[in-house]
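For reference, the chains in residue letters:
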Amino acid sequence: MKEQTIQLNLSPERKPKPQSEELGFGKIFTDHMFIMDYTEGQGWHDPRIVPYQPISLDPACMIFHYGQTVFEGLKAYLTEDNRVLLFRPQKNFERLNRSNERLCIPPVDEEFALEALKQLISVEKDWIPNAEGTSLYIRPFIISTEPFLGVAPSSRYKFMIILSPVGAYYKEGIHPVKILVESEFVRAVAGGTGEAKTAGNYASSLKAQEIADGKGYTQVLWLDGLEKKYIEEVGSMNVFFKINGEIVTPALNGSILEGVTRNSVIELLKSWDLPVTERRLAMEEIREAYKSGQLEEAFGTGTAAVISPIGELLWNDEKMIINEGTTGPIAKKLYSTITGIQNGKEQDPFNWTVE
Ligand code: PMP
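Not measured: the values here are computed from a predicted model.

Chemist: Tell me about the confidence of the model for the chain, and name the residues and values.
Modeler: Residue-level pLDDT values for the chain average 96, and 99% of them are 70 or greater. For this predicted complex, the interface confidence comes out at an ipTM of 0.99, alongside a pTM of 0.97.

Chemist: Explain the pairing of strand β5 (residues 74–78) residue by residue, including any values.
Modeler: With 5 of 5 residues buried, β5 is to be regarded as a mostly interior element. Residues Leu74, Ala76 and Leu78 of β5 are buried on one face, and the alternating residues Lys75 and Tyr77, pointing to the opposite face, are buried as well. Where β5 lies against strand β7 (residues 135–144), 3 bridges are found, and the strand directions are antiparallel. Residue Lys75 lies in a different strand from β7, and its bridge partner there is Tyr137. Examined bridge by bridge, β5 and strand β6 (residues 84–87) share 3 bridges and lie antiparallel to one another.

Chemist: Kindly report on the packing of aromatic side chains, identifying the contributing residues and their values.
Modeler: According to the stated counting rule, one finds 12 aromatic pairs in the structure shown. Judged by centre distance (5.4 Å) and plane angle (5 degrees), the rings of Phe240 and Phe299 are stacked. Here Phe240, found in strand β12 (residues 238–243), pairs with Phe299, found in strand β15 (residues 295–302); they are 59 residues apart in sequence, far enough to count as distant. Residue classification places Phe299 among the buried positions, given a relative accessible area of 1%. Put simply, the rings of Phe34, Tyr38, Trp44, Tyr157 and Phe159 touch in pairs and so form one group of aromatic residues. The ring of Tyr217 has Lys178 lying over it, and the distance from NZ or CZ to the ring centre is 4.9 Å.

Chemist: Lay out a nonpolar patch on the surface with the relevant residues and their values.
Modeler: A cluster of nonpolar side chains, namely Tyr66, Leu149 and Val151, defines an oily patch on the protein surface of about 330 Å² accessible area. Inspection of the secondary structure assignment puts Val151 in the loop between β7 and β8 (156–166). On the basis of relative accessibility, which here comes to 71%, the residue Val151 falls in the exposed class.

Chemist: A description of the side chain of Glu146 should follow, citing residues and the corresponding values.
Modeler: Note that Glu146 resides in the loop between β7 and β8. Buried charge Glu146 goes without a salt bridge, the closest partner of opposite sign being Arg156 at 6.2 Å. Residues contacting Glu146, with those up to four places away along its chain left out, are Ala60, Cys61, Met62, Pro153, Ser154, Ser155 and Arg156.

Chemist: Tell me about the pairing of strand β14 (residues 276–279), and name the residues and values.
Modeler: Bridge analysis of strand β13 (residues 246–250) against β14 gives 4 bridges, and the strand direction is parallel. What sits directly across from Ile247, in β14, is Val276.

Chemist: Quick one: what's the story with helix α7 (residues 283–291), residue by residue and with numbers?
Modeler: Within the sequence span of α7, burial applies to Met283, Ile286 and Ala289. The buried residues of α7 all sit within an arc of 120 degrees when viewed along its axis, so they share a single face. One or two positions beyond α7, positive phi appears at Gly293, with a value near 75 degrees.

Parameters at a glance
- Residues numbered from 1 in each chain as written.
- Predicted model: local features only at pLDDT ≥ 70, side-chain atom pairs only at ≥ 80, totals over all residues.
- Heavy atoms only, no water.
- pLDDT = per-residue confidence, 0-100.
- Buried < 20%, exposed > 50% of the residue type's maximum accessible area, 1.4 Å probe, protein only.
- Helix = DSSP H or I, 4+ residues; strand = E, 2+ residues; numbered from the N terminus.
- Pairing = 2+ DSSP bridges.
- Phe/Tyr/Trp six-rings, centres within 6.5 Å; stacked < 30°, edge-to-face > 60°.
- Lys NZ or Arg CZ within 6 Å of the ring centre and 35° of its normal.
- Patch = residues over 30% accessible without salt bridge, like charges linked within 9 Å, V, L, I, M, F, W, Y side chains within 5 Å.
- Areas by Shrake-Rupley, 256 points an atom, 1.4 Å probe, with all protein chains shown as cover.
- Salt bridge = Lys/Arg side-chain N within 4 Å of Asp/Glu carboxyl O.
- Lys, Arg positive; Asp, Glu negative; His and termini not counted.
- Contact = heavy atoms within 4.5 Å.
- Arc of directions from axis to C-beta.

Quick look at the structure:
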């Protein structure tokens, strides 16, 4: 795979670039995309960068019926001196292959995928917005394309990468959100697909999210699928709590997605000599810590927001206001350190960024 050269078919037309106020999230796409095909017996073939355009698929393609698909999400940042930085992209391609393994999709060559991404971004460099907090969101994904209605792994796939310039997540500075603890619906179960980044997990999360939204809450906090006692994730982020000095995040258990931001937060906290623990964490423990005044901070972690402080939790009828609804010092320090590394303004002692 590594020897394959990527065909370049550049678009004769270029779309106008958006103003930074128009960006939002995931609505605008660049002029080109990367695509390669998989055919059983032949492997991955025909890698190419082509004009961004609709793709034509047979209505019987397996992706439409059984959802055999995986995706990733990461960002490219423009530094003040006009360099382009990716944040730990190898981790995303490693996770893509772990998702592939779970969904019976053939693995991609991770180094080649990163090379393809670099080439695509070098074609699209002018699309990376430079206003504070903005970035180029990168969406690699694989769909199953064999036209066949039997339930089985597909014999054909497409791997694609599309790019979308996105606005600043926090326009008025990092601020806490209200979270509803979900006691009816679950996101994932032990033995299911929770630790894979696959479409079905997100489709099944919509209902609870819609209900939470209607009640004025930003996201749901997911509990385990068996007993609905233990904390898993918050919306599409991993979650951390500071309880009496200990910073705790749920241990990876097969139903939690292993976030790149989660891993970075754990490494940073360790490097600051702060006590960070990955363990099982019951919602009841959070309630008790709250009652005794030991629930000091809570925050979500993910590529989109980086750090999302939690100002309020609603569990059944019980409302818990955390840190008086303001952003705690750990969340603040993590946010400024990670975003500083991402946009090249801070030292990068772990060599997380890739130019
Ligand atoms: N959990 C879920 C379910 C997610 O979709 C994401 C976003 N990829 C995360 C956690 C956070 O992962 P990351 O830090 O790699 O963005």
